[in-house]
Each structure stands twice: as structure tokens, then as C-alpha cells.
Amino acid sequence: MGEHKDRMLAGEPYRDNDPELVAERLRCQGLLDRFNATRAGQDVQRRSILEELLGEIGEGSWIMPRFQCDYGYLIRLGRNSFLNYDAIVMDCAPVTIGDDVSIGPRAQLLTALHPMDDHALRRDRWETAAPITIGDNVWLGGGVIVCPGVSIGPNAVVGAGSVVTRDLPEKVFAAGNPARVIRPL
């Protein structure tokens with residue numbers, strides 16, 4: 001592994017235009033092009049591509065096209081979980097999705113962070129990434145955005161259109177921007 005990939009995986013500042021990372025994203029995009037070009041009923045082909053793309057995909061899990069991600073191999077999808085249409089997973093850090101998770105259409109799981117105060121570093125394309133963890137039996141409504149470094153506890157539900165900026169405990173309904181706990185479940 002090269003220096004910038006090591007740094008990315010360690011959560012340290014790295015440059016996303018590093019040739020090794022660019023090559024890995026191109027490989028990922030090729031697989032996504034194949035996946036997103038599949039036709040209705042081509043479930044075996046979709047599954048085969050996802051097994052090549054993702055770090056792990058559990059039994060009974062599936063993703064609907066159109067799907068986008070950066071690397072693929074940093075995504076772990078548990079058993080019987082589902083990502084609906086137009087999901088975006090920016091997996092510059094590990095993204096762990098538990099068993100029996102339902103993720104609504106146009107959801108975004110975003111691990112990338114860019115320097116806010118250091119304009120020169122941002123201009124020079126330095127960034128960091130923080131992992132996302134989604135517990136078992138979570139439901140994310142359509143259009144939910146999960147920000148870098150967030151964990152969502154088991155059996156939680158996040159309302160459509162919410163922006164999750166901080167960890168959510170288990171067995172709660174949360175909604176809003178930023179998402180806040182509305183009530184226990």
C-alpha cells in the first residue's frame with residue numbers, strides 16, 4: 001500500500017488525487033457501471049458484481065441500482081439488509097451496515113471530511129475520513145444523510161430527509177436537521 005492509502009485507512013490526512021487511490025476508484029466505477037447497467041430480473045448478475053465490489057455482503061442482502069460508492073471494499077453489509085434506489089456511500093473510511101437494515105431511496109452515507117479552517121490544505125485536496133456504523137434492524141428513511149464518524153444504534157429509525165450529525169442510541173426514532181431523538185421505540 002502507498003502512503004496516502006495507509007493514511008486514509010488510518011483516519012489521517014491524505015490526498016484523494018493520489019494515483020493509487022484514483023486507480024482504486026476507477027476500478028470501483030467500472031464495477032458500478034456494470035452493476036447499474038443490469039436490467040430488472042438480473043439478480044444473479046447483480047449479486048455477483050456486489051460480491052466482487054463490496055468488502056462483505058451478507059446472505060439475503062441486496063442493493064437497487066443506481067448505486068454509487070468510492071472504493072466498495074470498505075463497505076460491510078450484513079445479512080438481509082437493503083439499500084434502495086440511488087444510494088451513495090462515500091467509503092473513504094469503513095462503513096458497517098448491520099443485519100436486517102433498510103435504507104431508503106437517495107440515502108447518503110458520507111465518511112469524507114475536508115479541512116474547514118485551513119484553506120490551503122483544502123485547496124491542495126487534503127482530506128480525512130471517519131467511519132460510519134449502522135446497527136442491526138435500523139431503518140433510514142428516504143433521503144437520510146449520515147455524516148462522518150456517526151454510529152446509529154440497533155433498532156433505531158431515522159425519519160426521511162434527516163441529517164444525522166451525531167451518534168444515535170438504540171431503539172429511538174430520530175428526525176430533523178440536525179437529527180434529534182423524538183421518542184424511544
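Quick caveat: nothing in here was measured; it's all calculated off a predicted structure.

Definitions and cut-offs
- Residues numbered from 1 in each chain as written.
- Predicted model: local features only at pLDDT ≥ 70, side-chain atom pairs only at ≥ 80, totals over all residues.
- Heavy atoms only, no water.
- Helix = DSSP H or I, 4+ residues; strand = E, 2+ residues; numbered from the N terminus.
- Expected span 1.5 Å × (residues − 1).
- Buried < 20%, exposed > 50% of the residue type's maximum accessible area, 1.4 Å probe, protein only.
- Arc of directions from axis to C-beta.
- Contact = heavy atoms within 4.5 Å.
- Polar contact = N/O pair within 3.5 Å; in protein donor to acceptor, adjacent residues only side chain to side chain.
- Pairing = 2+ DSSP bridges.
- Core = buried A, V, L, I, M, F, W, Y, C linked by side-chain atoms within 4.5 Å.
- Axes fitted to C-alpha atoms, helices over the stretch in contact; angles between N-to-C directions.
- Parallel < 35°, antiparallel > 145°, perpendicular 65-115°, else oblique.
- Left-handed = near helix turned anticlockwise from the far one by under 90°.
- Nonpolar A, V, L, I, M, F, W, Y, C, P; charged D, E, K, R; others polar.

Draft legend 1. Quick look at helix H2 (residues 19–36). Between its first and last C-alpha, H2 extends 25 Å over 18 residues, near the 26 Å set by a 1.5 Å rise per residue. Listed as buried for H2 are Leu21, Glu24, Arg25, Cys28, Leu31, Leu32, Phe35 and Asn36. One side of H2 holds all its buried residues, which, seen down the axis, span an arc of 130°. Those residues of H2 that are exposed and angled more than 90 degrees off the buried face are Pro19, Leu26 and Asp33. Against the buried residues of H2 lie helix H1 (3–9), strand E1 (14–15), helix H3 (43–53), strand E3 (62–63) and strand E4 (67–69). In this structure Asp18 caps H2, since a side-chain oxygen of it lies 3.2 Å from the backbone nitrogen of Glu20.

Draft legend 2. Summary view of the pairing of strand E20 (residues 179–184). One ladder, built from 5 bridges, connects strand E19 (residues 172–176) with E20; its direction is antiparallel. The residue bridging Phe173 from the neighbouring strand is Arg183, located in E20. Count of turn residues in the E19/E20 antiparallel hairpin: 2 residues.

Draft legend 3. The nonpolar core, seen in detail. In this structure, Phe67, Leu109, Ile134, Leu140 and Ile152 are the most contacted members of the largest nonpolar core, which totals 40 residues. Among the elements that line this core, the one with the most residues is H2, at 4 residues. Those residues in contact with Phe67 that lie beyond four places of it in its chain are Leu32, Phe35, Asn36, Leu53, Leu54, Ile75, Leu83, Ala87 and Val89. Counting residues in hydrophobic clusters, the runner-up holds 9 residues, among them Met8, Tyr14, Leu74 and Cys92.

Draft legend 4. Spotlight on the sheet that holds E4. If you walk across this open sheet you meet the 5 strands as E4-E7-E10-E15-E18, and the pairing is parallel. Two strands close off the open sheet at either side, each with one partner strand: E4 and strand E18 (163–164). By the bridge criterion, 3 bridges tie E4 to strand E7 (residues 87–90) in an arrangement that is parallel. Note on E7: the bridge partner recorded for Gln68 is Ile88.

Draft legend 5. The arrangement of H3 in detail. Among the residues of H3, Arg46, Ile49, Leu50 and Leu53 are the ones counted as buried. In an axial view of H3, the angular spread of the buried residues amounts to 100°, which keeps them on one side of the axis. Buried-residue contacts for H3 involve H2, strand E2 (56–57), E3 and E4.

Draft legend 6. Focus on the packing of H2 against H3. Interhelical geometry of H2 versus H3 gives an angle of 170° and a closest axis separation of 9 Å. Judged by the angle between their axes, H2 and H3 are roughly antiparallel. For the pair H2 and H3, the crossing hand works out as left-handed. Two secondary-structure elements touch here, H2 through Arg27, Cys28, Leu31, Leu32, Arg34 and Phe35 and H3 through Arg46, Ile49, Leu50, Glu52 and Leu53. Class assignment of the residues belonging to the contact of H2 with H3 gives a composition of 7 nonpolar, no polar and 4 charged.

Draft legend 7. Region of the structure containing the environment of Asn36. Mapped onto the fold, Asn36 is located in helix H2. Ignoring sequence-local partners within four residues, the contact set of Asn36 consists of Pro65, Arg66, Phe67 and Gln68.

Draft legend 8. Region of interest: unusual backbone geometry. Backbone torsion omega between Pro65 and Arg66 reads 0°, so that peptide bond is classified as cis. Summarising the element assignment, Arg66 is placed in the loop between E3 and E4. In this structure, Pro178 follows Asn177 across a cis peptide bond, with omega equal to -5°. Positionally, Pro178 belongs in the loop between E19 and E20. The phi angle at Asp86 is positive, at roughly 65°, despite the residue not being glycine. Assignment of secondary structure puts Asp86 in the loop between strand E6 (82–83) and E7. Residue Asp86 is classed as partly exposed on the basis of its relative accessible area of 26%. Although it is not a glycine, Asn155 sits at a positive phi angle of roughly 65°.

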